[in-house]
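# Fold and contact review
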Amino acid sequence: MRIGMIGLGRMGANMVRRLVKGGHECVAYDHTADNVKAVAAFGARGAFSPAELVKALPAPRVVWIMVPAAVVEAVIGELRPLLAAGDVLIDGGNSNYRDDIRRAGELRAAGIHYLDVGTSGGVLGFEQGYCLMVGGASEAVALVEPALATLAPAGRPADAAGGAAAQAGRAASLAAAAMGYLHCGPSGAGHFVKMVHNGIEYGLMAAYAEGLNLLAHADAGLTSGAADAETAPLSDPQLFQYRLDLAAITELWRHGSIIESRLLDLTAGALAEDRKLARFAGHVADSGEGRWTVEAAIEVGVPAPVLSAALYARFESRGRAEFANKVLSAMRLGFGGHVERSP
């Protein structure tokens, strides 16, 4: 099939490359001309405006946008007058599912289909494929299913994927899920599932980080700590005299352990390259999905303490707890004369 792609950053460009490699025709646009030239060199057809991109697509047109959530509204606003009834617009970024529900309703009034596709795979997606969580109308999903099947980890080529669309409801089946894509439900469902996916990701990452931090400090008994009223002493220093090789341990866990995962693979690789992770400051960003996950949990009354704690830990990593800690020190000084010690 021929599909348009707007947004040729790290993921969008690799998705174009995977689609072209799988036998699809891609028309690609980005506001940075060099990004367009790069995918054109790989076999895509470059466009230098949204209008040029839409004009190059046969009806019903399929346009996939891979841009930051903050600019999705502007991109849709530019595309809407260029599209016609029966066309399909896909948001494959990390938009809030609430916005998807509204956008789908607005575009439906013009006869334009809107699909929200939660896309997981990051920079590894070109080689390993993307996990795709889809929300929207079944008829629109059927139109784009050949592309979904190629982008997914199973990597079904265009000539083999073409017949899949004729099978009604296939994208909502376990067979599709086993390939790496799934029609999760109506508008918003794809990004809702991806939102929770990212919330879980926060929790998993925090668990690895906390556990490895404990292992990194397993040698606490080998150093003499301060002996004063301000410092809680180790009850038995002999119990904490392990200088552990975290690169080797994480590599070990990758083989046969119940906690092996792609996240662990990446962690082991980083530690093998630099056991001190010296190039990182430890300021951990959050792009919104973790917050939205916690908000949804609060609204429906579902306890999510692990996901919430992981999100707050990211806030703390960026210094957002500094003033609170100063307040604690001020209170301790006031009621007990406790003077802060250097770490």
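Shown above is the structure to which this text applies.
Anyway, here's the lowdown on the structure attached to this text.

The rules behind these values
Residues numbered from 1 in each chain as written. Predicted model: local features only at pLDDT ≥ 70, side-chain atom pairs only at ≥ 80, totals over all residues. Heavy atoms only, no water. Buried < 20%, exposed > 50% of the residue type's maximum accessible area, 1.4 Å probe, protein only. Helix = DSSP H or I, 4+ residues; strand = E, 2+ residues; numbered from the N terminus. Pairing = 2+ DSSP bridges. Right-handed = clockwise from strand over helix to strand, strands pointing away. Phe/Tyr/Trp six-rings, centres within 6.5 Å; stacked < 30°, edge-to-face > 60°. Lys NZ or Arg CZ within 6 Å of the ring centre and 35° of its normal. Core = buried A, V, L, I, M, F, W, Y, C linked by side-chain atoms within 4.5 Å. Contact = heavy atoms within 4.5 Å. Patch = residues over 30% accessible without salt bridge, like charges linked within 9 Å, V, L, I, M, F, W, Y side chains within 5 Å. Areas by Shrake-Rupley, 256 points an atom, 1.4 Å probe, with all protein chains shown as cover. Salt bridge = Lys/Arg side-chain N within 4 Å of Asp/Glu carboxyl O. Polar contact = N/O pair within 3.5 Å; in protein donor to acceptor, adjacent residues only side chain to side chain. 1 Å grid on protein atoms, 1.4 Å probe; cavity = no way out; pocket = protein on both sides within 12 Å on 5 of 7 lines; lining within 4 Å. Points joined across faces, edges and corners; volume = space filled by probe spheres on them. Nonpolar A, V, L, I, M, F, W, Y, C, P; charged D, E, K, R; others polar.

## Re the pairing of strand β4 (residues 62-65)
Across the two faces of β4 the burial is the same, with V62 and W64 and V63 and I65 all buried. Inspection of the sheet shows strand β1 (residues 2-6) paired to β4 by three bridges, in the parallel sense. Across the sheet, the residue bridging to I6 is I65, located in β4. Both β4 and strand β5 (residues 88-91) contribute to a ladder of four bridges, which runs parallel. Looking at β5, one finds that I65 is bridged to D91. A crossover connection joins β4 to the parallel β5 through helix α4 (residues 69-79); in handedness this β-α-β unit is right-handed.

## Considering the packing of aromatic side chains
The full count for this structure, using the stated rule, is three aromatic pairs. Their ring planes at 85° and their centres at 6.0 Å tell us that F42 and F126 sit as a pair that is edge-to-face. Separated by 84 residues along the polypeptide, F42 in the loop between α2 (33-40) and β3 (45-46) and F126 in helix α6 (residues 125-128) bring together distant segments of the chain. For F42, a relative accessible area of 35% puts it in the partly exposed group. Ring geometry for Y97 and F192: centres 4.8 Å apart, planes at 90°, overall edge-to-face. Taken together, the positions of Y97 in helix α5 (residues 97-108) and F192 in helix α10 (residues 189-216) put the pair 95 residues apart, joining distant regions of the chain. For Y97, a relative accessible area of 16% puts it in the buried group. The exposure class assigned to F192 is partly exposed, which follows from its relative accessible area of 34%. For the cation-ring pair, R17 lies above F126, with the distance from its terminal atom to the ring centre recorded as 3.9 Å. The side chain of R314 reaches across the aromatic face of Y202, ending 3.6 Å from its centre.

## Some points on the nonpolar core
Ranked by size, the top nonpolar core spans 35 residues in total, and within it V16, W64 and Y181 carry the most contacts. In terms of residue count, helix α7 (residues 138-151) provides more of this core than any other element does, seven residues in total. Excluding residues within four positions of it along the chain, Y181 makes contact with L132, E145, L148, A149, A152, R170, A171 and A176. Counting residues in hydrophobic clusters, the runner-up holds 21 residues, among them L53, L79, A104 and Y114.

## Thoughts on a nonpolar patch on the surface
Together, F323, V327, L328, M331 and F335 make up a nonpolar patch on the protein surface, roughly 560 Å² of accessible area in all. Relative to the assigned elements, V327 resides in helix α15 (residues 322-336). Assessed through its relative accessible area of 33%, V327 is described here as partly exposed.

## Re the side chain of D286
Looking at where D286 falls in the secondary structure, it is placed in the loop between α12 (262-273) and α13 (289-300). For D286, the side chain forms a polar contact with the side chain of R291, separated by 2.6 Å. A distance of 2.9 Å separates polar atoms of two side chains, one belonging to D286 and the other to R318. Ignoring anything within four residues of it in the chain, the contact list for D286 reads Y202, R291, L311, R314, F315 and R318.

## Details of empty space enclosed by the protein
Using the criterion set out here, one finds one cavity of 30 Å³ or more in the structure. What the largest cavity holds in volume is close to 30 Å³. Along its surface, the largest cavity is lined by N94, S95, H191, K194, M195, E289 and W292. When residues of the lining of the largest cavity are traced back to their parent elements, those giving at least two are α10 and α13. Element by element, the count of residues in the lining of the largest cavity is highest for α10, at three residues. For the lining of the largest cavity, the per-class residue count stands at two nonpolar, three polar and two charged.

## A closer look at the sheet that holds strand β8 (residues 181-185)
The sheet built from eight strands is open, its strands ordered β3-β2-β1-β4-β5-β6-β7-β8 with mixed pairing. The open sheet has two edge strands with one neighbour each: β3 and β8. Sheet analysis places β1 next to strand β2 (residues 25-29), joined by five bridges and oriented parallel. The residue bridging I3 from the neighbouring strand is C26, located in β2.

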